[in-house]
Amino acid sequence: AQSVTQPDIHITVSEGASLELRCNYSYGATPYLFWYVQSPGQGLQLLLKYFSGDTLVQGIKGFEAEFKRSQSSFNLRKPSVHWSDAAEYFCAVGATNKLIFGTGTLLAVQP
Amino acid sequence: EAGVAQSPRYKIIEKRQSVAFWCNPISGHATLYWYQQILGQGPKLLIQFQNNGVVDDSQLPKDRFSAERLKGVDSTLKIQPAKLEDSAVYLCASSLLIGTRADTQYFGPGTRLTVL
């Protein structure tokens, strides 16, 4: 079955600390993977995507993600978190006709 | 380039009433999607259009939900009659290509529906 799992429902980090959000996927073919961010009252904004090639993908706002086929993972990272990064983050896999989303990770940033 | 537009942003109705949402995709985008996002969950696809034809509506509760895409551009999603469990954010998205797995979907701000 096609699915995306985000094991962490809620994460709190201090401003300036590093961040890693976990994502595991289940998909029978080559996965197309996405990370989106959703700020309160806003729609989803694409942070980055992986289709093929280099397994380390750079995105907007200083985010990066690494695709690890052996672990079926696509974890999102940022070396230094800013207060404006507080939001909900969704990992998704591109399936026929749609995106399949995880349940999201809510990120809180402490001053 | 203008993004995906949706209206209204918020709607509160009583159960058994009807409601309609409107979406205007990015100009030139062939594919339009409606997703339902229940609190605490990721978005789930309700229906996908390519131009003005329906590609996938397998997850649309057709006894109460309907959707159309006029002239392959704007789209409306209607619920009649609404139930309590329809309370959610309804997201519209569009993509340039014809529904490939790799196509990037661009999302609107969503309509938050509360059914009392």
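These figures come from a predicted structure and were not determined experimentally. (Residues numbered from 1 in each chain as written. Chains lettered and ligands numbered in written order. Predicted model: local features only at pLDDT ≥ 70, side-chain atom pairs only at ≥ 80, totals over all residues. Heavy atoms only, no water.)

**Some words on the pairing of strand E5 (residues 33–38) of chain A**
All names here are of chain A.
- Burial analysis of E5 places 6 of its 6 residues in the buried class, the great majority of the element.
- Burial along E5 is two-sided: the residues Leu33, Trp35 and Val37 and Phe34, Tyr36 and Gln38 are all buried.
- Both E5 and strand E6 (residues 44–50) contribute to a ladder of 6 bridges, which runs antiparallel. Bridge pairing links Phe34 to Lys49 in E6.
- What sits between the antiparallel neighbours E5 and E6 is a turn of 5 residues, in which Gly41 has the positive phi angle 75 degrees. (Buried < 20%, exposed > 50% of the residue type's maximum accessible area, 1.4 Å probe, protein only. Helix = DSSP H or I, 4+ residues; strand = E, 2+ residues; numbered from the N terminus. Pairing = 2+ DSSP bridges.)

**Looking at the environment of Pro81(B)**
Residue and element names in this part refer to chain B.
- Its location among the elements puts Pro81 in the loop between strand E8 (75–79) and strand E9 (88–95).
- Overall, Pro81 belongs to the partly exposed group, its relative accessible area being 34%.
- For the pair Pro81 and Phe65, spaced 16 residues apart in the sequence, the C-alpha separation amounts to 8.4 Å.
- In this structure Pro81 touches Arg16, Gln17, Arg64 and Asp86, once residues within four positions along its chain are discounted. (Contact = heavy atoms within 4.5 Å.)

These figures capture arrangement, not role.
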